[in-house]
Amino acid sequence: MLPITQFLMLTASNPFNEVSAPIISLIDSALIPLLGLVGAIGTIYCVILGAKLAKAEEPQDREKAKSALKNALIGFVLIFVLIVVLKIGMGTMQTWMESATAGA
């Protein structure tokens, strides 16, 4: 059985917060460069697909290139939106995590 002082020390500092703080800091600091990287890669990829669409001579090649360009745009916009939502919601998720582990 733990003495009361050790028990109070264990409940006062949540060990999960000590472990999760560096991970949250890493994710938070990596989101802004990740936005730039996704934007750059998305722009380059869409320019390449646009050039393929412009050079396509056959109707089926043109449809294939148009479909690929549409899918790439949807994918990159979705990734961009999810990164922004993660950046905005990081504080709320951290507060939720702290309240959920407060009793642990």
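Relevant structure appears above.
Residues numbered from 1 in each chain as written. Predicted model: local features only at pLDDT ≥ 70, side-chain atom pairs only at ≥ 80, totals over all residues. Heavy atoms only, no water.

A. Spatial organisation of the pattern of salt bridges. Scanning the model with the defined rule gives two salt bridges in all. A salt bridge links Lys87 to Asp28; the nearest nitrogen and oxygen atoms lie 2.9 Å apart. Taken together, the residues span a long stretch of sequence, with Lys87 in helix H3 (residues 59-100) and Asp28 in helix H2 (residues 15-55) at a distance of 59 residues. (Salt bridge = Lys/Arg side-chain N within 4 Å of Asp/Glu carboxyl O. Helix = DSSP H or I, 4+ residues; strand = E, 2+ residues; numbered from the N terminus.)

B. Inspection of a nonpolar patch on the surface at higher detail. On the surface, Val19, Ile23, Ile27, Leu86 and Met93 cluster together into a nonpolar patch covering about 410 Å² of accessible area. Residue assignment for the nonpolar patch shows that the elements contributing at least two residues are H2 and H3. In terms of residues, the nonpolar patch owes the most to one element, H2, which gives three residues. Note on placement: Met93 falls in helix H3. A relative accessible area of 38% places Met93 in the partly exposed class. (Patch = residues over 30% accessible without salt bridge, like charges linked within 9 Å, V, L, I, M, F, W, Y side chains within 5 Å. Areas by Shrake-Rupley, 256 points an atom, 1.4 Å probe, with all protein chains shown as cover. Buried < 20%, exposed > 50% of the residue type's maximum accessible area, 1.4 Å probe, protein only.)

C. Structural view of the nonpolar core. Membership of the largest hydrophobic core is limited to seven residues, which are Ile24, Leu31, Leu35, Val38, Ile83, Met90 and Met97. Elements represented by at least two residues in this core include exactly H2 and H3. In contact with Met90, not counting residues within four places along its chain, are Ile24, Ile27, Asp28 and Leu31. Within the second largest apolar cluster, six residues are counted, among which are Cys46, Leu49, Ala65 and Ala72. (Core = buried A, V, L, I, M, F, W, Y, C linked by side-chain atoms within 4.5 Å. Contact = heavy atoms within 4.5 Å.)

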